[in-house]
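# Overview (structure and organization)
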Amino acid sequence: MLPLVLVCSDFYARRFWIDHPLTTGILAALTVVLISVTVIEAIVNRRSERRWRLLAQYALLELAEAAQDAWGTY
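Right, let's walk through the structure included here.

## Here's the deal with the overall build of the chain
Along the backbone of the chain there are 3 helices and 0 strands. Secondary structure of the chain in N-to-C order comes out as α-α-α. Relative to the compact-globule value of 11 Å for 74 residues, the chain shows a C-alpha radius of gyration of 26 Å, a clear excess of over 25%. Dimensions of the chain along its principal axes, counting C-alpha atoms only, are 85 × 20 × 10 Å. The burial tally for the chain puts 4% of its 74 residues in the buried class.

## Notes on the pattern of salt bridges
For the structure on display, the rule yields 1 salt bridge. Close ionic contact of aspartate 19 with arginine 15 constitutes a salt bridge, the shortest N to O distance being 3.4 Å. Separated by 4 residues within a single helix, aspartate 19 and arginine 15 lie in helix H2 (residues 14-19), roughly one turn from each other. Owing to a relative accessible area of 42%, aspartate 19 belongs among the partly exposed residues under this scheme.

Thresholds applied
- Residues numbered from 1 in each chain as written.
- Predicted model: local features only at pLDDT ≥ 70, side-chain atom pairs only at ≥ 80, totals over all residues.
- Heavy atoms only, no water.
- Helix = DSSP H or I, 4+ residues; strand = E, 2+ residues; numbered from the N terminus.
- Rg over C-alpha atoms; globule rule 2.2 N^0.38 Å.
- Buried < 20%, exposed > 50% of the residue type's maximum accessible area, 1.4 Å probe, protein only.
- Salt bridge = Lys/Arg side-chain N within 4 Å of Asp/Glu carboxyl O.

Structure representation (structure tokens):
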């Protein structure tokens, strides 16, 4: 969303960006950082979900084995 706003603002405030290079540089850097953090967070969340899914599968198998052992003793 932010890159789209910055690109659209270039059409309406072109002179502003040319006259204020420091502001332009800071906003560009912040945009890159924001996008990078968002991508890294998505990757970390995906890895975390995979770990929890594997743990849940392992726990389900252990529970199934315990239930089978419990029913097998009767």
